[in-house]
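One-letter residues, chain by chain:
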Amino acid sequence: MKLFRLILLPLSSLWYAISGLRTWLYRKGLLRRRRFRLPVFVVGNLSTGGTGKSPHTELLARRMMEQGYRTALLSRGYGRRTKGFLEVSQHDSARRTGDEPLMLKRALPEATVAVCENRARGIRQLMRRFRPQVIVLDDAYQHLRVKASCYFLLTAFDEPFTSDHLLPAGNLRESRHGARRADCVIVTKVPRRYADRSERACAAREKLRRQIARYTDAPVVFSRYHYADRVKNPLLGHIASEELKNYNVLLITAVANPIPLLSHLGSIEVTCRHLQYPDHHVFRHRDVEKIKNEFLNLPRGKNIILTTEKDMARIIGTPLAEYPVYSLAIRAEILPEDQAAFEAIVEQTLARYKDHKES
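Our subject in this report is the structure included herewith. What you are looking at is a predicted structure, and each value in this text was computed from that prediction instead of being measured.

Turning our eyes to something else, we now look at the pattern of salt bridges. Under the defined criterion, the tally for this structure stands at 19 salt bridges. Ionic pairing is found between R63 and E343, a salt bridge with its closest N-O pair at 2.9 Å. With R63 in helix 3 (residues 53-66) and E343 in helix 11 (residues 339-351), this residue pair connects regions lying 280 residues apart in the sequence. The class for R63 is buried, based on a relative accessible area of 8%. D139 is the partner of R173 in a salt bridge, and the nearest nitrogen-oxygen pair spans 3.2 Å. Note that R173 is positioned in the loop between strand 6 (150-156) and strand 7 (184-188) and D139 in the loop between strand 5 (134-138) and strand 6, a separation of 34 residues in sequence.

The subject of this paragraph is the nonpolar core. Of all hydrophobic cores here, the largest spans 40 residues; its most connected members are I123, I135 and L137. The set of elements that each furnish at least two residues to this core consists of strand 1 (40-45), strand 2 (71-75), helix 6 (119-130), strand 5, strand 6, strand 7, helix 7 (199-212) and strand 8 (220-233). Membership of the second largest hydrophobic core comes to 30 residues, among which are F41, L86, V88 and I334.

By the criterion of burial, helix 5 (residues 99-107) is predominantly enclosed, with eight of the nine residues buried. Of all the residues in helix 5, the buried ones are D99, E100, P101, L102, M103, L104, K105 and A107.

Applying the stated criterion across every chain yields a total of eight aromatic pairs. Measuring from centroid to centroid gives 6.4 Å for F41 and F152, while their planes differ by 20°, and the two rings are stacked. Taken together, the positions of F41 in strand 1 and F152 in strand 6 put the pair 111 residues apart, joining distant regions of the chain. As far as the burial class goes, F41 and F152 line up, both buried. In this arrangement the basic side chain of K302 is found over the ring face of Y247, its NZ or CZ atom lying 4.6 Å from the centre.

Further remarks concern the side chain of T51. Along the chain, the position of T51 falls in the loop between strand 1 and helix 3. Judged by relative accessible area, T51 falls into the buried class, the value being 3%.

Here helix 3 crosses helix 5 at 35°, and the two axes come no closer than 10 Å. The two elements helix 3 and helix 5 cross, and the hand of that crossing is right-handed. On helix 5, the residues that touch S54, T57, E58 and R62 of helix 3 are E100, M103, L104 and A107. Looking at the contact of helix 3 with helix 5 residue by residue, the class counts come to three nonpolar, two polar and three charged.

On the surface, a nonpolar cluster with roughly 320 Å² of combined accessible area is contributed by L21, W24 and L30. Along the polypeptide, W24 turns up in helix 2 (residues 9-27). For W24, a relative accessible area of 37% puts it in the partly exposed group.

You can see A204 is positioned in helix 7. Distance from A204 to Y194, taken between C-alpha atoms, is 7.1 Å for residues ten residues apart in sequence.

What counts as what
Residues numbered from 1 in each chain as written. Predicted model: local features only at pLDDT ≥ 70, side-chain atom pairs only at ≥ 80, totals over all residues. Heavy atoms only, no water. Salt bridge = Lys/Arg side-chain N within 4 Å of Asp/Glu carboxyl O. Helix = DSSP H or I, 4+ residues; strand = E, 2+ residues; numbered from the N terminus. Buried < 20%, exposed > 50% of the residue type's maximum accessible area, 1.4 Å probe, protein only. Core = buried A, V, L, I, M, F, W, Y, C linked by side-chain atoms within 4.5 Å. Phe/Tyr/Trp six-rings, centres within 6.5 Å; stacked < 30°, edge-to-face > 60°. Lys NZ or Arg CZ within 6 Å of the ring centre and 35° of its normal. Axes fitted to C-alpha atoms, helices over the stretch in contact; angles between N-to-C directions. Left-handed = near helix turned anticlockwise from the far one by under 90°. Contact = heavy atoms within 4.5 Å. Nonpolar A, V, L, I, M, F, W, Y, C, P; charged D, E, K, R; others polar. Patch = residues over 30% accessible without salt bridge, like charges linked within 9 Å, V, L, I, M, F, W, Y side chains within 5 Å. Areas by Shrake-Rupley, 256 points an atom, 1.4 Å probe, with all protein chains shown as cover.

Below you can see the structure in the form of structure tokens.
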């Protein structure tokens, strides 16, 4: 642990006391928790970000839709300039809805996507107006006012909650023991070298399973990122990912952890100039000017700006949209050997609401 974080450890004790008291009040029923008559899935984490919540929310929602469930997604809409309940459309702006809900709507246009800072109120609005059969809550692991049907707790392979510390000394929003609420732990962003069935990879995953088992009895499954085989621009079309090595690429990221993306680009022999911004960063005039200057200073040849789908939601509507900005889609997928365990958890949850699907 870095020295300055070590100095902050006493403050983490205060955070532990406050967050622990809140959890205890809900667990004892002294603060009310709302239950609903339809399956409500939660995708979240213990840390402040960087575990891949939105791709896994999409994964879960896509699975429900493929099974014929009318599916709604509900997010707080972090970073939006609005309040209250709003339905998200594909043509919205990130300022109105937040970048992640907008990204989810564009990825799943047939799903109902909404934002509301009060999740219980948001669920009631969804039930009244859209009559979904399943609701998936994005980043709601600490939203204890709602008693969900199933909790998926995400933790990154290279930065597991088991070796992290509470804020401000670490990145945990609540104690590691918050993992006890999970119905399933998904270890995300498994590097390629640990995602196969080799002895080395299996041993590394099993070691992490044992560490997580100290805090929860929930099943532990592993997932990896799958990157699209092409990058897209709304007006210019697409470029095959394998062709990117022939371009001068300016990479723009404003996500919690761009390392997996950089590793992927390296694996397909793409070299790039990288401008990194904080997660959910709003691109203001000075940022736009810097990016434009960096782009214009790339070597002569085939030049593009590359970003993530999440960042593209904030770039559209800025002057940067006039440049050749392409986005790379990222999808989460459960490792094949863990797929059955993941499906069993989902099916067991849905089975408790079997009659609801017929309504």
